[in-house]
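Overview (structure and organization)
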Amino acid sequence: MKLSEIFSSTLRKAPTDAESASYQWMARGGYIRATSGGDFVTLPLAQRSLNKLMARLRHEMDSRGGQEIGPHAEILTLAAGVVQSYRQLPRILYSFEEITQLAHPRSGLFGAAHSPALKIHALTDSKEIQNNYQVSIEKLFEEFFKLLEINALKTDRGGYAFINEKGNTNYIRCPQCGYLESQKYAQRAKSALSAEEPRELEKVATPNAHTIEALAAFLNLPKEKTAKAVFMTVKIDHDEKLVFAILRGDMDLSEAKLAAALNADALRPATDEEILAANAVPGYASPVGVKGVLVVVDDLIPASPNLVAGANEDGYHLLNVNYGRDFTAEIVTDLALTQAGDHCPKCNTNLALVSGVELVETIPISSAEPATYTDENGKDQPVWMASWTLDLGRTLAAVAESHHDEYGLLWPPAVAPYDIHLVWLPSKKVDTRSDAEDIYSNLSTTGFTVLFDDRDERAGVKFNDADLIGCPVRITVGERTLEEGSVEIKFRSKKEKELIEIDEIANYVLENL
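For clarity, every value in this text was computed on a predicted model and none was experimentally measured. (Residues numbered from 1 in each chain as written. Predicted model: local features only at pLDDT ≥ 70, side-chain atom pairs only at ≥ 80, totals over all residues. Heavy atoms only, no water.)

1. Quick look at the overall build of the protein chain
The helix and strand tally for the protein chain stands at 12 helices and 24 strands. Since a compact globule built from 513 residues should have a radius of gyration of about 24 Å, the 30 Å found for the protein chain marks it as more spread out than a globular shape. Its C-alpha atoms give the protein chain principal-axis dimensions of roughly 100 × 60 × 40 Å. A buried classification covers 49% of the 513 residues belonging to the protein chain. In the protein chain, 68% of the contacts between residues at least 6 apart in sequence involve partners at least 24 apart. Entry remark: accessible area of the protein chain is about 24100 Å², with carbon and sulfur atoms responsible for 47%. For the protein chain, the separation between the mean place of its 52 positive charges and that of its 74 negative charges on side chains is 3 Å. (Helix = DSSP H or I, 4+ residues; strand = E, 2+ residues; numbered from the N terminus. Rg over C-alpha atoms; globule rule 2.2 N^0.38 Å. Buried < 20%, exposed > 50% of the residue type's maximum accessible area, 1.4 Å probe, protein only. Contact = heavy atoms within 4.5 Å. Areas by Shrake-Rupley, 256 points an atom, 1.4 Å probe, with all protein chains shown as cover. Lys, Arg positive; Asp, Glu negative; His and termini not counted. Charge placed at Lys NZ, Arg CZ, Asp CG, Glu CD.)

Structure follows, in structure tokens:
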């Protein structure tokens, strides 16, 4: 490709709103441009890089027995309609498609509203075989990120994250053992309260104590001796249900954990009207005596005796509320949002809160209802499924974030839009153009991808643009070197330059790239 023809241009300065290094350098290198609505368009250089990534992933998936399907398939419905017999399992399906996410435009492709992605679905007849596929897919990701030379860290749930201060996702990380998970799903070591004999239930007046802080201060109790009530309205199978989530007062609710526990499609805070309709009182709500509400409690609640909870009456609370005696729940699970300073679930070290970017999201192994198959004995069995989504836009940005200097991008060969940036330096004395054209043709025929800067520009402009674009190899064809039958070769990641005879260019690049 000739640079004079490419639909792109470098910038002397980064956009004023660009916060991340990847946004700054990809904009300056002519890879992306911001559009309205917090989105970005990938220009030809970036699209070549993305196509290169997709080609490699397609090869890797096919080599693992994967079969490509069209985008936006409703995979559960598809599986239910296709899979009939155990002979049709296992199967691994993948697709390339555009995903939509919350926009954070100042961080560039890290926060683009739309992004290309690889989606993988493994369909099997057992959890055990799913575990084998999970190992295989994780190996694929690890090899892929190693090839791109980025430090993508595996999370506890099996996803991958790129830790970066400009990331838009909060992660909990252990500085000792390396435990890592997005904050919404992160675990922590929990400590139960001291054992006590259940005491008699007692209603007390608590005027104006409609928050945990106000209640604890009024009764002169630590927050962990109170029960926090959170009402949420969840959508499950297109029906809305009122859910009563109960945690200790010193904890906050992780809405993601609650949604996962209920297999909910969506959830939102309940309105006061919805709470009152359940015979509960906002600010003084309690699971005691409430009916027709789905109750979900954090797993520390059964081990927390004699808590203070709402009395479902304005201005009153109940002392000595005990799980099992005074109320029960349909689901007992971890609901707490892990915070910085909590203890690591693996090694008990104090946890830290860090920023990052989610590169791979995983949906853990689960029964793929309504998909079933007939086993070798003629009985219906559930299909098991796990899914992964690799965000290619964020991955490309992570490479740019990891590989740049003060002059521009330094793409690893596996993701560079072109192998070689060929720079022609005009001369008034010698026809350097024809030699550059011959070298361009020979390198392209040899199998290299070449970006040929054929513009009639000053050497400084051309070299600056080459650094901004960041191809692995720069070859300069000029009057001085041609007089010696050579060209100047410089690898973008090195300071040294080499004079190489024209006939040896291809071999030299091949051996050193």
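There is more to say, and it comes next.
2. Concerning the nonpolar core
Within the largest apolar cluster, 60 residues are counted, with the highest numbers of intra-cluster contacts made by Phe-141, Phe-145 and Trp-411. Among the elements that make up this core, the one with the highest residue count is helix α2 (residues 44-63) (seven residues). Sequence-distant contacts of Phe-141, that is, excluding residues within four places in its chain, are made with Ile-120, Tyr-160, Val-360, Trp-388 and Leu-390. Core analysis: the next-biggest nonpolar cluster, separate from the first, contains 24 residues, Ala-227, Val-290, Val-293 and Leu-307 among them. (Core = buried A, V, L, I, M, F, W, Y, C linked by side-chain atoms within 4.5 Å.)

3. Notes on the packing of α2 against helix α4 (residues 127-147)
Packing of α2 against α4 brings their axes to within 12 Å, and their N-to-C directions diverge by 150 degrees. Classified by the interaxial angle, the pair formed by α2 and α4 is roughly antiparallel. Crossing geometry of α2 relative to α4 is assigned as right-handed. Taking contact as the criterion, the partners of Leu-53, Arg-56, Leu-57, Glu-60 and Met-61 in α2 are, on α4, Leu-140, Phe-144 and Leu-147. Its residues placed into classes, the contact of α2 with α4 shows six nonpolar, no polar and two charged. (Axes fitted to C-alpha atoms, helices over the stretch in contact; angles between N-to-C directions. Parallel < 35°, antiparallel > 145°, perpendicular 65-115°, else oblique. Left-handed = near helix turned anticlockwise from the far one by under 90°. Nonpolar A, V, L, I, M, F, W, Y, C, P; charged D, E, K, R; others polar.)

4. Some thoughts on the pairing of strand β19 (residues 380-391)
Of all 12 residues in β19, nine are buried; the element is thus mostly enclosed. In this structure, strand β5 (residues 114-124) lies alongside β19, joined through eight bridges in antiparallel fashion. Bridged to Lys-119 within β19 is Thr-389. Two elements, strand β18 (residues 352-374) and β19, share nine bridges in a ladder whose sense is antiparallel. What sits directly across from Ile-363, in β19, is Ser-387. Where β18 folds back on β19, the antiparallel hairpin that results is connected by five residues, among which Gly-378 adopts a positive phi of roughly 80 degrees. (Pairing = 2+ DSSP bridges.)

5. What about the sheet that holds strand β20 (residues 420-424)?
Spatial ordering of the open sheet is given by β21-β20-β22-β23-β24, a layout of five strands whose pairing is mixed. What marks the edges here is a single partner per strand, and that holds for β21 (450-453) and β24 (497-501). Ignoring strand direction, the axes of neighbouring strands in this sheet form an average angle of 25 degrees. When β20 meets β21, the two strands line up parallel, connected through four bridges. Pairing of Ile-420 across the sheet is with Val-450, part of β21. Contacts from helix α12 (residues 505-512) reach β20, β22 (473-477), β23 (486-491) and β24, with the element oriented near 15 degrees to β23.

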